[in-house]
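Chain by chain, the residues:
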Amino acid sequence: MTMTVRDFAARDAEAVVAVRRAALPFEVVTEASLRFTVEHAHPAERYRLLVAERDGEVVGTAHCGLAFQSAEPGQAHTTPYVHPGHRRHGAGALLLRTAEEHVRAHGATALYCWALQGLGGVEFAGRHGYRPARSAHFQRLDLLSRPLPEPPDALPPEVRLHTAAEWRADPRPLFEADAEVTADEPSDIGAELDDYQDWLSRTWRHPLFDHELSTVVTVDGRVAAFTAARTDGLTRYLSGMTGTLRAHRGRGLARLAKTDSLRRARAAGYTEAFTSNDGANEPMLAVNRRLGYEVRATEVRHVRTFH
């Protein structure tokens, strides 16, 4: 049996989606989103989407690149995914080694990699020289059976609910809100959003970003909180980012935004909602518990440094 790793081609999209969904059933990914990510990658990221084949069959994949939005140079990221039916045949190791060689060739000094607990992923990372860092929790909400909080009878006069679609003519206020929230998000690799055109290209126009189901809360006409919805256009809904600007935290606006978005997602026919939160982000974990989300899996971010 021959195991090989090569770069993703458009013809691989269906097979790679199948691998991703089998290996990590808590995310939203489509063929269109895979192709979009490859085609619109920022040049500074040196992004590659790798495909592992076993005797010509796609059995694994990994994305890798430089964390170009980090203020600390030399940071890089990767995560291998191997179909559960094809593990322990070397696909993960070959994907990881290929990713390491790629990012090191472009100056990486530290490579971060996610690994699921309970399925051998943590042990795999340890065997390859990675040490554990922080954790995150995948959560799921059954939109068919779990009740959602009722909307408030009335909002304070200065508070209004909108959809992101209302900013189609000028999304810059949403970019500025995203930049502030992202800067405060717990993470091993910090990110600074300072390129509006890049944000328009890779976030606002991303094929999974659902402008109609993304809720924005304004206070006195200015963006105060938001939840960005990603959907597959069928049944799966994902909270891509939820946050409140610093001046408005502690007022329950993030929960208000998420509740509104989830209720509209259910009305639109979505049956499953997913989200993921850093293990140290207790405020958002508490919001999700109150909404009925249940933790389904925990992943641990690992890091390996190069000398």
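Position numbers for residues start from 1 in each chain and track the written sequence from start to end. With pLDDT at 70 or above as the cut-off, local features in this predicted model cover only qualifying residues; side-chain atom pairs require 80 or more to be listed or tallied, and sums for whole chains, interfaces and linings still use all residues. Think of the side-chain values as coming from all heavy atoms in the structure, minus any hydrogens and water.

**Student:** With reference to specific residues and values, describe the overall build of the chain.
**Tutor:** The helix and strand inventory of the chain stands at 8 helices and 12 strands. We take the radius of gyration over the C-alpha atoms and set the globule estimate at 2.2 Å times the residue count to the 0.38 power. The C-alpha radius of gyration of the chain comes to 20 Å, within 12% of the 19 Å expected for a compact globule of 307 residues. Expressed along its principal axes, the backbone C-alpha trace of the chain runs to roughly 65 × 40 × 35 Å. Residue contacts are defined here by distance: any two heavy atoms, one from each residue, within 4.5 Å place the two residues in contact. At a minimum sequence separation of 6, the contacts of the chain that also span at least 24 residues come to 72%. Runs of E in the DSSP output that reach at least two residues are strands. Runs of H or I that reach at least four are helices, and both are numbered from the N terminus.

**Student:** Provide a residue-level description of the sheet that holds strand β1 (residues 3–7), including the pertinent values.
**Tutor:** The mixed open sheet is built from 12 strands, whose spatial order is β1-β2-β3-β4-β5-β12-β6-β11-β10-β9-β8-β7. Looking at the sheet topology across the chains shown, the edges are occupied by β1 and β7 (159–163). Geometrically, the sheet is characterised by an average inter-axis angle of 25° between neighbouring strands, direction not taken into account. Think of it this way: DSSP has to see at least two bridges between two strands before they count as a pair. Examined bridge by bridge, β1 and strand β2 (residues 48–54) share 5 bridges and lie antiparallel to one another. Its bridge partner being in β2, Met 3 is matched across the sheet by Arg 54. Helix α3 (residues 91–105) rests against β1, β2, β3 (57–66), β4 (75–82), β5 (110–116) and β12 (294–305) of the sheet, and its axis sits at about 160° to β4. A fitted line through C-alpha atoms serves as each axis, taken over the contacting stretch for helices, and the angle formed by two N-to-C directions is quoted from 0 to 180°.

**Student:** Lay out helix α5 (residues 172–184) in plain terms, naming residues and giving numbers.
**Tutor:** To estimate how far a helix should extend, the number of its residues minus one is multiplied by 1.5 Å. For α5, spanning 13 residues, the distance from its first C-alpha to its last is 19 Å, which sits close to the expected 18 Å at 1.5 Å a residue. Regarding α5, the residues found buried are Leu 174, Phe 175, Ala 177, Asp 178, Ala 179, Val 181 and Thr 182. On its buried face, α5 sits against α6 (196–204), β8 (215–219), β9 (222–231) and β10 (236–244). With a 1.4 Å probe rolled over the protein chains alone, any residue whose accessible area is under 20% of its type maximum counts as buried; one over 50% counts as exposed, and the rest are partly exposed.

**Student:** Kindly report on the nonpolar core, identifying the contributing residues and their values.
**Tutor:** Formed by 23 residues in total, the largest nonpolar core has its most connected members in Ala 76, Ala 91, Leu 95, Val 103, Leu 111 and Tyr 130. Secondary-structure elements contributing two or more residues to this core are β2, β3, β4, α3, β5 and α4 (121–127). Ranked by the residues each element gives to this core, the list is headed by α3, at 6 residues. Setting aside residues no more than four positions away along its own chain, Ala 76 makes contact with Gly 65, Leu 66, Ala 67, Val 103, Ala 108, Ala 110, Leu 111, Tyr 112 and Ile 189. Here the nonpolar core consists of buried residues drawn from Ala, Val, Leu, Ile, Met, Phe, Trp, Tyr and Cys, with membership extended through side-chain atoms lying within 4.5 Å. Core analysis: the next-biggest nonpolar cluster, separate from the first, contains 22 residues, Leu 34, Leu 49, Leu 116 and Phe 138 among them.

**Student:** Lay out the side chain of His 137 in plain terms, naming residues and giving numbers.
**Tutor:** Along the polypeptide, His 137 turns up in strand β6 (residues 131–142). Here the side chain of His 137 touches Thr 298 through a polar contact of 2.9 Å, side chain to side chain. Throughout this description, a polar contact denotes any pair of N or O atoms lying within 3.5 Å of each other; where both atoms belong to protein, one of them has to be capable of donating a hydrogen while the other can accept it, and for residues adjacent in sequence the pair is counted only when both atoms sit in side chains.

**Student:** Tell me about helix α1 (residues 13–23), and name the residues and values.
**Tutor:** Those residues of α1 that fall on the buried side of the exposure criterion are Ala 13, Val 16, Val 17, Val 19, Arg 20 and Ala 23. Each buried residue of α1 sits inside an arc of 160° when the element is viewed along its axis, so together they form one side. Considering only its buried residues, α1 is in contact with α2 (31–39), β2, β3, β4 and β5. Directions are taken from the helix axis to each C-beta atom, and the arc is the one they span.

**Student:** Describe in detail the layout of surface pockets, supporting the description with residues and values.
**Tutor:** For the second largest pocket, the calculated volume is near 530 Å³. A cavity here means a set of 1 Å grid points, computed over protein atoms only, where a 1.4 Å probe fits but cannot escape. A pocket is an open set with protein on both sides within 12 Å along at least 5 of 7 lines, and lining residues have an atom within 4 Å of a point. Along the walls of the second largest pocket sit 23 residues, with Val 82, Arg 87, Gly 120, Gly 121 and Phe 124 positioned nearest its centre. Of all the elements in the fold, those that place two or more residues in the lining of the second largest pocket are β4, α3, β5 and α4. Class assignment of the residues belonging to the lining of the second largest pocket gives a composition of 13 nonpolar, 6 polar and 4 charged. Grid points are joined across faces, edges and corners, and a volume is the space filled by probe spheres set on the points. Only Asp, Glu, Lys and Arg are considered charged, only Ala, Val, Leu, Ile, Met, Phe, Trp, Tyr, Cys and Pro nonpolar, and every remaining residue, Gly among them, polar.

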